[in-house]
Amino acid sequence: EPTNHLDGAAIDWLANYLRELGQSGGSVKDANTTVLVSHDSNLLEVACDRVLEIRGGRLHTYTGGWRYFLREREERRRQLLAEMQSRAEEMAKLEDFIRRFGAKATKASQAQSRQKQLDKLRAEQAEMVEPVNYGIGPGDTKKQSLRLPNAPRGHREILKLRGAEVGWPGASALMAGVDLTIERGQRVVVLGPNGAGKSTLLRALAGNP
């Protein structure tokens, strides 16, 4: 759960960051895809623009935020119920025709044709029974598996600075002549007194002006 132990401000920051991460032209240079699993509806509403629901052994796709997903799921369920009701009425008419005229020689071919229509509708109706219950109850209880490809291996040198200056526009540089190389797998601690420029350095390394 990504929002465990986060306060409101931190959750807002995370939600906005994830949203920008998926947008081209945002503060993050390139658009990315993020798979987010969370019970925090507010986080899902802000951060997500697509919802995938696993229910009935199927994957249901909704293009929009969390609140859109809830509305659209109910609308799909309503439409499916109406379609099932219409099919049930049509099946009843076919069954009545077959029962009344199936034994008459003059109507036998028509009864056989309607029997084929009835068999097709029954098969389609059976496929619709399970999905019509989506949105009711806790969802699928059996374990689901998701296989993602391994991420490509990154460069050996993750970060490299030569003679860099760090500071704010229009002000004297907080540090100059910075030579720094960080390699894959290294963990770096930034030390210094208050005001030395630690946060400014990290912002600069993250690509923020």
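I will try to describe carefully the structure that is included in this document. Along each chain, the written sequence defines residue order, and numbers are assigned to residues from 1. Only residues with pLDDT of at least 70 are given local features in this predicted model, and only at 80 or more are side-chain atom pairs given and counted; all residues enter the totals for whole chains, interfaces and linings. Note that the side-chain values use all heavy atoms of the structure and ignore hydrogens as well as water.

### Quick notes on the nonpolar core
Part 1 of the argument: The nonpolar core is taken to be a set of buried Ala, Val, Leu, Ile, Met, Phe, Trp, Tyr and Cys residues, with the residues joined through side-chain atoms within 4.5 Å. With a 1.4 Å probe rolled over the protein chains alone, any residue whose accessible area is under 20% of its type maximum counts as buried; one over 50% counts as exposed, and the rest are partly exposed. Formed by L14, A15, L18, L21, L43 and A47, the largest nonpolar core amounts to 6 residues.
Part 2 of the argument: Under the DSSP-based scheme used, a helix requires at least four consecutive residues in state H or I and a strand at least two consecutive residues in state E, with every element numbered from the N terminus. Of all elements in the fold, only α1 (8-21) and α2 (41-47) reach the threshold of two or more residues within this core.
Part 3 of the argument: Take this core: its biggest share by element is 4 residues, from α1.
Part 4 of the argument: Among the nonpolar cores identified, the runner-up in size contains 5 residues, and M91, L94, I98 and L121 belong to it.

### Concerning the packing of aromatic side chains
Part 1 of the argument: Here is the rule: rings of Phe, Tyr and Trp (six-membered ring for Trp) pair when centre to centre is within 6.5 Å. Planes less than 30 degrees apart are stacked, more than 60 are edge-to-face, and the remainder are tilted. Inspection of every chain in the model, using the stated rule, returns 4 aromatic pairs.
Part 2 of the argument: Considering the side-chain rings of F97 and F101, the 4.8 Å spacing of their centres and the 50° angle between planes classify their relative orientation as tilted. Taken together, the positions of F97 and F101, both in helix α3 (residues 66-101) and 4 residues apart, correspond to about one turn of that helix.
Part 3 of the argument: What makes F101 buried here is its relative accessible area of 15%.

### Quick word on the pairing of strand β1 (residues 51-55)
Part 1 of the argument: Only one face of β1 is covered, namely the one carrying V51, E53 and R55; the face carrying L52 and I54 has none of its residues buried.
Part 2 of the argument: Here the rule is simple: two strands pair whenever DSSP picks up at least two bridges between them. Both β1 and strand β2 (residues 58-62) contribute to a ladder of 5 bridges, which runs antiparallel. Within the sheet, the bridge partner assigned to R55 lies in β2 and is R58.

### Structural notes on the pattern of salt bridges
Part 1 of the argument: Salt bridges, as used here, are contacts in which a Lys or Arg side-chain nitrogen is within 4 Å of a carboxyl oxygen on Asp or Glu. For the structure shown, the criterion picks out 13 salt bridges.
Part 2 of the argument: Between R76 and E72 there is a salt bridge, and its shortest N-O distance comes to 3.3 Å. Taken together, the positions of R76 and E72, both in helix α3 and 4 residues apart, correspond to about one turn of that helix.
Part 3 of the argument: Residue R76 is classed as partly exposed on the basis of its relative accessible area, which comes to 26%.
Part 4 of the argument: Here E74 and R77 are joined by a salt bridge, their closest N and O atoms 3.8 Å apart.

### Focus: a nonpolar patch on the surface
Part 1 of the argument: Patch definition: residues above 30% relative accessible area lacking any salt bridge, with like charges linked at up to 9 Å and the nonpolar side chains Val, Leu, Ile, Met, Phe, Trp and Tyr linked at up to 5 Å. The method behind every accessible area is Shrake-Rupley, applied with a 1.4 Å probe, and residues are considered shielded solely by the protein chains displayed. Together, V35, V37, L146 and L148 give the surface a local cluster of nonpolar side chains, amounting to about 460 Å² of exposed area.
Part 2 of the argument: In this fold, V35 is placed in the loop between α1 and α2.

### Focus: the environment of Q85
Part 1 of the argument: Locating Q85 in the fold gives a position in helix α3.
Part 2 of the argument: Exposure remark for Q85: the relative accessible area of 45% places this residue in the partly exposed category.

### Things to note about the environment of I98
Part 1 of the argument: When you line up the elements, I98 lands in helix α3.
Part 2 of the argument: What makes I98 buried here is its relative accessible area of 17%.
Part 3 of the argument: Through-space distance from the C-alpha of I98 to that of A108 is 8.8 Å; in sequence the pair is 10 residues apart.
Part 4 of the argument: In contact with I98, other than residues within four places in its own chain, are A111, R114, Q115 and L118. Only heavy atoms matter for contacts: two residues are in contact if any of them lie within 4.5 Å across the pair.

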